[in-house]
Amino acid sequence: MSYPAMNQDIILGILSYCPVSAIEKFRFLNKDYYKRMSESWFINLNLLRTNPVFGVFIQYKGPLSTYYSTYYVLTSKNIHHRSKVSLEFLPVEKVKIEACDPSHGILLCVDPKCYGRTTYIVCKPTTKQYHTIPNPETGCLRTIVTGLVVIGANPFRYKIVKLSQQNKITFSENDNCYTLICEVFDSDLFTWKRLDDDVKLPEGEFLRISSVPVLINGFLHWLTTSNKNVFRFCMKTETWSLHPLPNDLTRTSPLVLAKYKDKLGIILWKQKSRENLKGIWVLDSSFGKTWVNVKEEKSIVEEDKLVKPVWLLPETNVAVVMCGFDWVGLYDMKTNSMKSERYKISLPFTVDYNSSSVDYFPFYSDYERLNLNEGQTVVRQSRVCQDNW
């Protein structure tokens, strides 16, 4: 007896129950699945059935190197979850978010006050799970950037890359470059290793301290300080490279890297004849080298205020926008308008925006528990600091 084959609608209905980490893989079945799984009906159905939460952690550096992090839920079908995501469950108070994998809801947090014996914690805030990992050998050196990538969910595996500044930034007259120390942590081995070859950036190039990378196809991407290149690190081969940005890009305007239809994209906000224009450039393929300007149109934003695009919501044309340092919301690139719901940012101290550092960590997560080793414990920050003295 033969059974009728399942049509595509039935298959998509089944896939809509999968978490976002699995959806990203299924979308590569073929071009038709890619197109249909990127449509709004499927995204909304997946949100309804899996109940993920999407938002952004906003982290301010306060007085005496104290960090304050607040999470703002921007999309969630369950109102009960809107106020439940925080870092209060961690055993160290006022941790600094060092890195994140935004598509899996995994954070790397550190204790910023205990130099040389910093506590490194990997956690999933939605399930309040965490474990500690060993300190890297360069723990006493200044961290420039850190990246976290989830390799697999079952069993849970991740890798961390950490680029550190030497005691002094040395400029070599022989090769005209700045040198950074590179270390990689593999959760399977549960140890750090320093790469044999240090990262040597050309003269005039550097990485923005604590900048958040964009993860695409196993590559982490950072903008360089010159806004002329993208620094790429491959987590599989543990190698790095520089890729130039488009020559006609206005580098004096706000730039943000983004994942745009599974390709590396650049979102640009700029002023032109008293109107805000928005542009998006993307690489011609997932591993391409040629940039293509796919959009440039008028943009409706708040007048006379600083508007900073932070992240592009996966599989949509919606960007997280920070405006005037006092609220966060969603900007719809299809309708060129802000979403009606906005979230006021409140802080426990007065911020000096000229000197304070602000970091944005997009966060997209489900509520499935991981097989994190929770048997390891961490003492309170005050106890660690006392031992350090």
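Cut-off values and rules
- Residues numbered from 1 in each chain as written.
- Predicted model: local features only at pLDDT ≥ 70, side-chain atom pairs only at ≥ 80, totals over all residues.
- Heavy atoms only, no water.
- Helix = DSSP H or I, 4+ residues; strand = E, 2+ residues; numbered from the N terminus.
- Buried < 20%, exposed > 50% of the residue type's maximum accessible area, 1.4 Å probe, protein only.
- Contact = heavy atoms within 4.5 Å.
- Areas by Shrake-Rupley, 256 points an atom, 1.4 Å probe, with all protein chains shown as cover.
- Pairing = 2+ DSSP bridges.
- Axes fitted to C-alpha atoms, helices over the stretch in contact; angles between N-to-C directions.
- Salt bridge = Lys/Arg side-chain N within 4 Å of Asp/Glu carboxyl O.
- Core = buried A, V, L, I, M, F, W, Y, C linked by side-chain atoms within 4.5 Å.

Under an unreviewed UniProt entry, the name given to the chain is F-box protein At5g49610-like, and the source organism is Camelina sativa.

*Asks:* Go over the overall build of the chain with me, naming the residues and quoting the values.
*Replies:* A tally of helices and strands in the chain yields five helices and 24 strands. Classification of the 389 residues of the chain by burial places 53% in the buried group. By sequence separation, contacts in the chain at least 24 residues apart represent 52% of the contacts at least 6 residues apart. As displayed, the chain has an accessible area near 19400 Å², and 50% of this comes from carbon and sulfur atoms.

*Asks:* Tell me about the sheet that holds strand β5 (residues 120–124), residues and numbers included.
*Replies:* Read from one edge to the other, the open sheet built from four strands follows the order β3-β4-β5-β6, with strand pairing classed as antiparallel. The two strands at the open ends of the sheet, each matched to only one other strand, are β3 (96–101) and β6 (129–133). Looking at each pair of strands side by side, their axes are set apart by 25° on average, direction ignored. Examined bridge by bridge, β3 and strand β4 (residues 106–110) share five bridges and lie antiparallel to one another. Following the sheet pairing, alanine 99 is matched in β4 by leucine 108.

*Asks:* An account of the pattern of salt bridges is needed here, citing residue identities and associated values.
*Replies:* For the coordinates displayed, the defined rule picks out seven salt bridges. Note that lysine 124 is salt-bridged to aspartate 366, the shortest N-O span being 2.7 Å. Taken together, the residues lysine 124 in strand β5 and aspartate 366 in the loop between β24 (358–365) and α5 (381–388) connect sequence positions 242 residues apart. Judged by its relative accessible area of 3%, lysine 124 is buried. Here arginine 157 ties to aspartate 188 by a salt bridge, and the two come within 3.4 Å at their closest N and O atoms. Of this pair, arginine 157 sits in strand β8 (residues 156–165) while aspartate 188 sits in the loop between β9 (177–186) and β10 (191–194), and the two are 31 residues apart along the sequence. Owing to a relative accessible area of 26%, arginine 157 belongs among the partly exposed residues under this scheme. Its relative accessible area of 53% is what places aspartate 188 among the exposed residues.

*Asks:* Account for unusual backbone geometry, naming residues and giving values.
*Replies:* Phi is mostly negative for residues that are not glycine, and the peptide bonds are mostly trans. For lysine 128, which is not glycine, the phi dihedral falls at a positive 55°. With respect to the helices and strands, lysine 128 occurs in the loop between β5 and β6. One non-glycine residue, phenylalanine 190, adopts positive backbone phi at about 55°. Its location among the elements puts phenylalanine 190 in the loop between β9 and β10. We classify phenylalanine 190 as partly exposed; its relative accessible area is 27%.

*Asks:* A description of the nonpolar core should follow, citing residues and the corresponding values.
*Replies:* In this structure, Phe57, Leu87, Leu90, Leu107, Cys109 and Cys123 are the most contacted members of the largest nonpolar core, which totals 19 residues. Of all the elements in the fold, those that place two or more residues in this core are β1 (53–61), β2 (67–76), β3, β4, β5 and β24. Residues Val145, Val149, Val161 and Leu195 belong to the second largest nonpolar core, which totals 18 residues.

*Asks:* Help me get a handle on the environment of valine 149, residues and values and all.
*Replies:* With respect to the helices and strands, the residue valine 149 is situated in strand β7 (residues 143–153). With residues near it in sequence (within four places) discarded, valine 149 still touches Asp101, Arg157, Tyr158, Lys159, Leu215, Leu220 and Met235.

*Asks:* Describe the sheet that holds strand β13 (residues 219–223), naming the residues involved and giving the relevant values.
*Replies:* Reading across the sheet, the four strands line up as β12-β13-β14-β15 and stay open at both edges, with antiparallel pairing between neighbours. Each edge of the open sheet is held by one strand with a lone partner, namely β12 (214–216) and β15 (239–244). Pairs of neighbouring strands in the sheet enclose a mean axial angle of 25°, with direction left out of account. Looking at chain direction, β12 and β13 are connected through three bridges and run antiparallel. Pairing of isoleucine 216 across the sheet is with phenylalanine 219, part of β13.

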